[in-house]
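# Chains, contacts and geometry: an overview
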Amino acid sequence: MALNPLESGRYIASTASHVRISIDGVNRVAELILESAPKEEYRLATWKQHKLHPQAMTDETADWIFVMDLLNFSFWSDDPDRDFTVDYGGKSYTDYWALCAAIRRAIEEGIQLTSPAVYKDLSLDKMKHVFRSSTDVDIPLIETRHKLLNEAGHTLVQKFGGSFANCIRLCNGCGQSLVKMVTDNFPSFQDVAVYKGQQGMQAVVKLGEF
């Protein structure tokens, strides 16, 4: 049985052979976070300031964030000097921001890519159109991303009323419950590895965004 993310971190920290956690470093990071809190450098309003992010916190925004978390991985191309790029609004974006730009572009074209009812049956050809690049470097692992999107869409429609916002409501504000719900129901978030004979899980859900 895999340890949860907190247990995994504790196990690795206590058994690692080649790395150690610096308690002084942890304390310093905690101090930096506390110092930044009055400046409000890390808050919802800051996240919403970027024009590619949704501005209103609605059910649709929860679905948008879920899709972003689902697809936000592995943007490396074979050539480190050439990237998957999306031109949108007069600017060129790469990596995570290219993903955001592509989704916003798709919605403006009438493809509601953040709706589970839509992406559960999205074809691979339509997926390739949505994430078409402005360069000759395509988004990596498009078939894998397509499979994950279809699977997640079917799960949300069949088990959670067609919206990730319902997953959030069912957890009643408990972050640990949300992590468990996501990892139990969406296999792509089960980021599990074995270290010294023990299975452990990495937390890949960005709870702060929800």
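This structure is a prediction, so every number in the text was calculated from the model and none was measured. (Residues numbered from 1 in each chain as written. Predicted model: local features only at pLDDT ≥ 70, side-chain atom pairs only at ≥ 80, totals over all residues. Heavy atoms only, no water.)

## Examining the pairing of strand 1 (residues 85-88)
With four bridges joining them, strand 1 and strand 2 (residues 91-94) adopt antiparallel strand pairing. Looking at the pairing, tyrosine 88 lines up with lysine 91 of strand 2. Where strand 1 folds back on strand 2, the antiparallel hairpin that results is connected by two residues, among which glycine 89 adopts a positive phi of roughly 60°. (Pairing = 2+ DSSP bridges. Helix = DSSP H or I, 4+ residues; strand = E, 2+ residues; numbered from the N terminus.)

## A look at the packing of helix 4 (residues 59-71) against helix 5 (residues 95-108)
The contact between helix 4 and helix 5 brings their axes to 11 Å, and the two run at 135°. The pairing of helix 4 with helix 5 is recorded here as oblique in orientation. Here helix 4 runs over helix 5; the crossing is right-handed. Listed contacts from helix 5 to Trp64, Val67, Met68 and Leu71 of helix 4 are Tyr96, Leu99, Cys100 and Ile103. Considering only residue class, the contact of helix 4 with helix 5 consists of eight nonpolar, no polar and no charged. (Axes fitted to C-alpha atoms, helices over the stretch in contact; angles between N-to-C directions. Parallel < 35°, antiparallel > 145°, perpendicular 65-115°, else oblique. Left-handed = near helix turned anticlockwise from the far one by under 90°. Contact = heavy atoms within 4.5 Å. Nonpolar A, V, L, I, M, F, W, Y, C, P; charged D, E, K, R; others polar.)

## Considering helix 4
Two residues of an α-helix separated by three or four positions point the same way, owing to the 3.6 residues in each turn. Helix length check: helix 4, at 13 residues, gives a terminal C-alpha distance of 19 Å against a target of 18 Å (1.5 Å per residue), a fit within 8%. Burial runs high along helix 4: eleven of the 13 residues are buried. Taken as a whole, helix 4 has its buried residues at Thr61, Ala62, Asp63, Trp64, Ile65, Phe66, Val67, Met68, Asp69, Leu70 and Leu71. (Expected span 1.5 Å × (residues − 1). Buried < 20%, exposed > 50% of the residue type's maximum accessible area, 1.4 Å probe, protein only.)

## A few points about a nonpolar patch on the surface
On the surface, Ile21, Ile23 and Val26 cluster together to form a nonpolar patch covering roughly 290 Å² of accessible area. The topology assignment puts valine 26 in helix 2 (residues 23-36). Residue classification places valine 26 among the partly exposed positions, given a relative accessible area of 45%. (Patch = residues over 30% accessible without salt bridge, like charges linked within 9 Å, V, L, I, M, F, W, Y side chains within 5 Å. Areas by Shrake-Rupley, 256 points an atom, 1.4 Å probe, with all protein chains shown as cover. Salt bridge = Lys/Arg side-chain N within 4 Å of Asp/Glu carboxyl O.)

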